[in-house]
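# A look at the structure
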Amino acid sequence: MLKWFKRPPAPTAEPASAARRAAEARQQGNALLDQGKLEEALQPYREAVALEPSPEAFVSLGYTLGELGRADEAVEALEQAVRMDPAQFDAIYLLGTLALGRGNYPQAISRLSRALELQPSSDMVLRDLCSACFLGGDLARAHQVAQAGAAAHPQQADFHFFLGNILTQQGHAAGAVECFDKALLLQPAHPEGHYNRALALHAAGRLEEAAQGLRTAIAQRPGYVPALTGLASVLTDQGQAREAEQYCRQALALDGRDAEAHNALGNVLLSLGRPDDAAESYRHALALHGGHAQAHANLGLALMAQDRMAPAVESLRKAVALDPRYARGHNNLGIALQRQGHLEDAVAAYGRAIELDPALAQAHSNFAAALQAQGHHELAITSWRKALALEPGFLDAWSNLVYVMSFMPGVSAREYLDEATRFGRAAVARAVPFTQWPSAPPAALAPGEPLRVGFVSGDFREHPVGFFLEGILGHFNPSRVVPIAYPTRPGEDRLTARIKPRFAAWNSLAGMSDEEAARKIHADGVHLLVDLAGHSEHNRLPVFAWRPAPVQLTWLGYFASTGTPGIDYLVADPPGVPPHCREDFSEAVRYMPDTRLCFTAPEYGDELQAGPLPAMSSGHLTFGCFQNMTKLNDDVLALWGKVFRAMPEARLRHQSRQMGDASLREQLFLRLEQHGIARDRADLAGPTGRQAYLAAHQQVDIMLDTFPYTGATTTCEALWMGVPTMTLAGRSLLARQGASLLTCAGLASWVAEDEDEFLDRLLRHCSDLQALAGLRAGLRAQVLASPLFDGARFAGNLESLLHSLWRERVEGAGA
């Protein structure tokens, strides 16, 4: 619809006969127009134009035609008025609004700019020109015009609303909120204003305020679908996905064809660990709006969660093709490419996301993770610190930074603990209500009452944590320990299916906020809560900061202090944490009698045997390292270089996930050459299935451990396949896990305390092939008989430790 225009004044002098009749006709048309009789008004306006073709008469005709939706005829009449009078404001303004209504933004901007020259303080021209510039993508000009409007008409809320919307689009969320605040002071009952302010608050990370603003918008306009959808998105980001789902369903009940609501529901379902249902919602959104770039990108995330990487990448590429400036789309594409093992392409995608939105903290964090996977640890830490500078409460990025510092050469135990402790303080600061838990001390167990022990992990699957845990679970005495699983992410595999029945309950924390998760655990009556992740992927350390259980400890999946207040104990063994190293932990160190780890023998015992020592037939020794490439720092390669110079016939086999990337293989070849290991002496192999991976040990005589990040799963797998590992023990638990495992397995002579001893012991072992062959032949039986593979013995020891920790807590609370 066109807007008000200024009617020409009635003539003051006695007109000529034709002019008089024309004026009378215009007056008749005006009267009919005032009555809303637009069709009837056309005839007298046409008579007026015929009798006296003045600019004013053409404006009246053009306005009426425009109101009737006959835009082409309206433009023709109005352009005639401008030809007759190039300064005819009403005609120029109406031509601008017609162009704006038809989506011809360049023409609208041109016409409305001319109208503004004629009436520089016109509020209606300023509003429409701002709209044209905004919709036409010229945000800078829109901002300039809105500022002029706000200065000229400070009591008109519209211009402050305009400024808020423009600043939101420009990524200046804080400034946008200030503008919306000014507008809402002038016009409090404005649901769209509350909605747009909430969008800016959401972008600024002020989630609680955003949720409140959206609730206000809904209260002012019940059934306001965009606000319902927006509230669902905010709640999803707050970890309150179950409540968010209710708002999505409500929005879709009101408008089942709202693509944004289907997209928001997909986000909710994905966060709840229901990727199949999420994908269906995204497909509904795309059926309604095929050009919805965010829905394509989100479908890619759902497909990733289904482990369908090729279609995920395809969907994400569609998203960034539809909107090349969609920074989050490029970020998500990087995630998919990284999971495919295309690290160089992933780095490029993250880099593009950062270029488009330098304030996107998630992209900086993912960029850091890709750099870390390539072994560029210092650069990764720099990027994680950028992410934290942008979003100081970004605990996932901070946790990743702490994790990398745990194994970086040159980082002292004190430096590491200081950083972990800073993370812990930040986690507690976000858990303010945790101080309001019931403060009564834990009671002693009733006679015969078992401990309810919760295990928190994202790795109840074919993962090192799952491999260590599986052989223990079946040996818990139900009269002493009731295990409860708290998986932190969705998805299950064959190992999950085997271990799930061994838990008394399986309570997923996926999609829950830290507070929701803590309240759930507390309501379950858990006595001891065990963190199995530390700062590794998919951890929920912030949940522990709420202290949902009376006794909390960390064990198994991480080899350093968490730094998190609320985690009381760290489970270790004496070789892993000698007494003088206890000061390296924020937790109190408590010891298992034999080993802190117990490995589950692989399921391929009948099919896979160690086989003869390869050196007996090849004429040379083959050293292996099947650990993540990120552990191969320059100190490790330098020591290996000494080994290969001492044994010029020896060969190296390295196998890791990164070696599936040709560019990373070439990088490692070059680094090996720099340390004196020619590329024709090295075989670099990419990832395989687990059975093929284990079979590859049949080609290796001795494993070379990395340091300070020594092997755990890889060492146990090699031992089971008859291959000993030469390890260098350092100061930290992480650096001593090889020493702990090998000592427990009866191979203390394969542990060195410094590099000279490493080389000396290794060469002595290599000098006696008969002894090596004999060790290989009997090593599987030896380690299976050791505490390292004795699940029943370990479970009993762990039960005793858990009861000891409970008594310590109860007695301490009662003291």
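### With respect to the environment of A368
The topology assignment puts A368 in helix α21 (residues 361–373). Judged by relative accessible area, which is 0%, A368 ranks as buried. Here A368 is in contact with A380, S383 and W384, once residues within four sequence places are set aside.

### Some details on the pattern of salt bridges
In a structure, side chains of opposite charge can pair up when their charged atoms sit close to one another. Overall, the coordinates contain 43 salt bridges when judged by the stated rule. A salt bridge links E673 to R679, with the shortest nitrogen-to-oxygen separation between them at 2.9 Å. A residue is classified by how much of its surface remains accessible, and R679, at 32% relative accessible area, is partly exposed. Between R761 and E757 there is a salt bridge, with its nearest N and O atoms 2.9 Å apart. Of the two residues, R761 and E757 are both situated in helix α35 (residues 755–766); the distance of four residues between them amounts to about one turn of the helix.

### Focus on the packing of α21 against helix α22 (residues 377–390)
Relative orientation and spacing of two packed helices are given, respectively, by the angle between their axes and the distance between those axes. Where α21 contacts α22, the axes come no closer than 8 Å and their chain directions differ by 165 degrees. On the basis of the axis angle, α21 is roughly antiparallel to α22. Here α21 and α22 pass one another in a crossing that is left-handed. Along the contact surface, α21 presents A361, H364, S365, F367, A368, A369, L371 and Q372, while α22 presents H377, L379, A380, S383, W384, K386, A387 and L390. The class makeup of the residues in the contact of α21 with α22 is 10 nonpolar, five polar and one charged.

### Structural notes on the side chain of R736
Inspection of the secondary structure assignment puts R736 in helix α34 (residues 733–744). Not counting chain neighbours up to four residues away, the residues in contact with R736 comprise P575, G576, P578, T710, A729, G730, R731 and E753.

### Notes on the pairing of strand β9 (residues 651–655)
For β9, the tally of buried residues reaches four of five residues, placing the bulk of the element in the interior. In terms of strand pairing, strand β8 (residues 622–625) meets β9 through four bridges, oriented parallel. Bridge assignment links C625 to a residue of β9, and that residue is H654. Remark: the β8/helix α30 (residues 634–646)/β9 crossover connection has right-handed handedness.

### Side note on helix α3 (residues 55–67)
Relative to the 18 Å expected for 13 residues at 1.5 Å per residue, α3 spans 18 Å between its end C-alpha atoms, a close match to the ideal helical length. With 12 of 13 residues buried, α3 is to be regarded as a mostly interior element. Listed as buried for α3 are P55, A57, F58, V59, S60, L61, G62, Y63, T64, L65, G66 and E67. Packed against the buried residues of α3 are α1 (17–34), α2 (38–51), α4 (71–84) and α5 (89–101). G69 lies just past α3 and shows a positive phi near 85 degrees.

The rules behind these values
Residues numbered from 1 in each chain as written. Predicted model: local features only at pLDDT ≥ 70, side-chain atom pairs only at ≥ 80, totals over all residues. Heavy atoms only, no water. Helix = DSSP H or I, 4+ residues; strand = E, 2+ residues; numbered from the N terminus. Buried < 20%, exposed > 50% of the residue type's maximum accessible area, 1.4 Å probe, protein only. Contact = heavy atoms within 4.5 Å. Salt bridge = Lys/Arg side-chain N within 4 Å of Asp/Glu carboxyl O. Axes fitted to C-alpha atoms, helices over the stretch in contact; angles between N-to-C directions. Parallel < 35°, antiparallel > 145°, perpendicular 65-115°, else oblique. Left-handed = near helix turned anticlockwise from the far one by under 90°. Nonpolar A, V, L, I, M, F, W, Y, C, P; charged D, E, K, R; others polar. Pairing = 2+ DSSP bridges. Right-handed = clockwise from strand over helix to strand, strands pointing away. Expected span 1.5 Å × (residues − 1).

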